[in-house]
Amino acid sequence: MRKNLLVLGLFSLLTIWVTWPLILHMNINIIDRIDGLLITWILNWNVRSFSYNTNIFYPYINTLAFSDLLFPEALIALPFVKIFGEPLLAYNINFLLGFALTGFSLYLLLDYLTKNKPVAFLIGVLFSFSIIHLNYMPHLQLFNFWPVVLATLFMLQKRYRLFILMFLAAALTTVMFFYFLLAIGVIWGIWGISGFKDKLRLAGFLLLAILITAPFLLPYYLVSRQFHYQRPITDAINFSFQVPDLLNIGTVSRLSQYIGIKDNLTPGYLGGVFMLLTVAAMIGVRKMWKQKYTKTFVILAASSFILALGPGLHVFRNTIHVGPIPAIPLPYLVFYYLVPGFAGIRTPSRWIILMAFAFAMVIGLWVGRLKEKTKWAVCVLGTIGILLEISWPLKYVQVPSVKNFPPEQSWLKDNFPGAPIVQFPIYGWWDQPGVETETLREYYSTIHWHPMYNGYSGFSPKEWEESVKWLQKDFPSAETISFLKGKGIKLVVAPNSWKIGLKKVAGFDKDSVYEIL
């Protein structure tokens, strides 16, 4: 236990070093201003109330299910937000833990499999500080990969009660983790377990985990039924991984200063050390193939990569179709139509993070078999190489701390409590850079929690999108005001330069607040 705490402390120090100087400015710095602030709002909403009916997209219901849930991360953030009163802490605390806990959880898993702490530490660093993992920093729900790793550890240890607990924690972070763990469980059950009784026992606990998790995911089903919604197959095709993406170096790598980045590709480069060790491990995998752990993680890596490619294989940057069906269909196409929930996933390319995890495990098993001197050399040089490739310092953007929130937002905190509002000019996800204004408004709403007609999330209702486009064009006409009144809106926040025929209840330097009587 003492050694494990020491390793956790070491991962924490590496995290502070890589993210420096974030630790000094956690109430104003954030890695991403759009998805980052959306996640900040989600976390703070959960800190306030673990309810699916949030304050955005008023008067729609189950609006938390328009995006990922992040329940476990909200529980972690709760004491920090309550004590310090800074909503951005909810994001940044979990951002730092995305490094430290993910690395530490891989260390625990590899230490269990190899009984070699230096190798386990290398693999924790290899994955947690890899370029592919850092590419997901703005997407905190994927960056906090530790629930998946711990669930895998408890499953392999046959500590099934803890497995179910971590399965639930993973699924309540993001639905993607639900499918990740199903894939891991099925592959382990087929290729990792030999006895029929043991297979049946795992299947039973996996089914129990699904049944316990299902009620928490019910609002996603209700949203899809309410709006007759599923992601079009074209979205899944457009946001699929492509083989050339493996060589697309994102800005997180130092190599991006010397090699051009292609914006039309998904950054899928694993990292220099990661790729070299993957090649070496796959060359040596023949000697390890009979080992159940090796077989399981190689098959998991291959399966995840195929799923990341989406419904059809891209050839020369395009997907060739015969009618609506890809000419080279892949398994994801079958899952899209047959597996519940798959049609709601827009970005198949995210399966690549599970592939990276599986390859990290294979690398760890391979390094663990090397001669002692070679093993130590790989662990030391590999760790140094991984950390040196990161383009440090990371780039942050600044947002106001609570004391510097716009005055109208502070006014809303103390006036007309619970009154539904709309803020102009209003934007949808299709508006750039206006969408940054909407994510800031969500961030500001964490101090007053007024229901808002405004909103930004992973999904927005079509009828809401059409009404926003109309409001952008026609407000403040009598028809638009009547429409807002019909929706139950009580207050309008708009620039002082706009001439609005409503009762003014508060005025500030840039904006005023009006009441719809």
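Just so you know, these numbers come straight off a predicted model, no measurement behind them.

## Quick notes on unusual backbone geometry
Stage number 1. The omega torsion across Y58 and P59 is 10°, close enough to zero to call that bond cis.
Stage number 2. Inspection of the secondary structure puts P59 in the loop between α2 (35-48) and α3 (71-84).
Stage number 3. Backbone torsion omega between Q432 and P433 reads 0°, so that peptide bond is classified as cis.
Stage number 4. Relative to the helices and strands, P433 resides in the loop between β5 (421-423) and α19 (434-444).
Stage number 5. The backbone of F57 shows a phi angle near 55°, a positive value even though the residue is not glycine.
Stage number 6. Positionally, F57 belongs in the loop between α2 and α3.
Stage number 7. For F57, a relative accessible area of 0% puts it in the buried group.

## Digging into empty space enclosed by the protein
Stage number 1. For the coordinates displayed, the defined rule picks out 2 cavities of 30 Å³ or more.
Stage number 2. Estimates place the volume of the largest cavity at around 60 Å³.
Stage number 3. Forming the boundary of the largest cavity are L126, F129, S130, I131, L270, G271, G272, V273, F274, I386 and E389.
Stage number 4. Broken down by secondary-structure element, the contributors of at least two residues to the lining of the largest cavity are α13 (272-283) and α17 (372-389).
Stage number 5. With 3 residues, α13 is the largest single contributor of residues to the lining of the largest cavity.
Stage number 6. Tallied by class, residues from the lining of the largest cavity come to 7 nonpolar, 3 polar and 1 charged.
Stage number 7. In this structure, the second largest cavity spans a volume of roughly 30 Å³.
Stage number 8. Grouping the amino acids of the lining of the second largest cavity by side-chain chemistry returns 4 nonpolar, 4 polar and no charged.

## Focus on the packing of aromatic side chains
Stage number 1. This structure, assessed with the given rule, holds 47 aromatic pairs.
Stage number 2. Aromatic pair F127 and F357: ring centres 6.3 Å apart, planes at 75°, arrangement edge-to-face. Taken together, the residues F127 in helix α5 (residues 117-128) and F357 in helix α16 (residues 352-367) connect sequence positions 230 residues apart.
Stage number 3. Residue classification places F357 among the buried residues on the basis of a relative accessible area of 0%.
Stage number 4. Centre to centre, the rings of F424 and W498 are 6.0 Å apart; their planes meet at 45°, and the pair counts as tilted. Of this pair, F424 sits in the loop between β5 and α19 while W498 is found in the loop between β6 (491-495) and β7 (503-507), placing the two residues 74 residues apart along the sequence.
Stage number 5. Under the relative-accessibility criterion, W498 is labelled partly exposed at 29%.
Stage number 6. R346 extends its terminal NZ or CZ atom over the ring of F239, reaching a point 4.9 Å from the ring centre.

Cut-offs applied
- Residues numbered from 1 in each chain as written.
- Predicted model: local features only at pLDDT ≥ 70, side-chain atom pairs only at ≥ 80, totals over all residues.
- Heavy atoms only, no water.
- Helix = DSSP H or I, 4+ residues; strand = E, 2+ residues; numbered from the N terminus.
- Buried < 20%, exposed > 50% of the residue type's maximum accessible area, 1.4 Å probe, protein only.
- 1 Å grid on protein atoms, 1.4 Å probe; cavity = no way out; pocket = protein on both sides within 12 Å on 5 of 7 lines; lining within 4 Å.
- Points joined across faces, edges and corners; volume = space filled by probe spheres on them.
- Nonpolar A, V, L, I, M, F, W, Y, C, P; charged D, E, K, R; others polar.
- Phe/Tyr/Trp six-rings, centres within 6.5 Å; stacked < 30°, edge-to-face > 60°.
- Lys NZ or Arg CZ within 6 Å of the ring centre and 35° of its normal.

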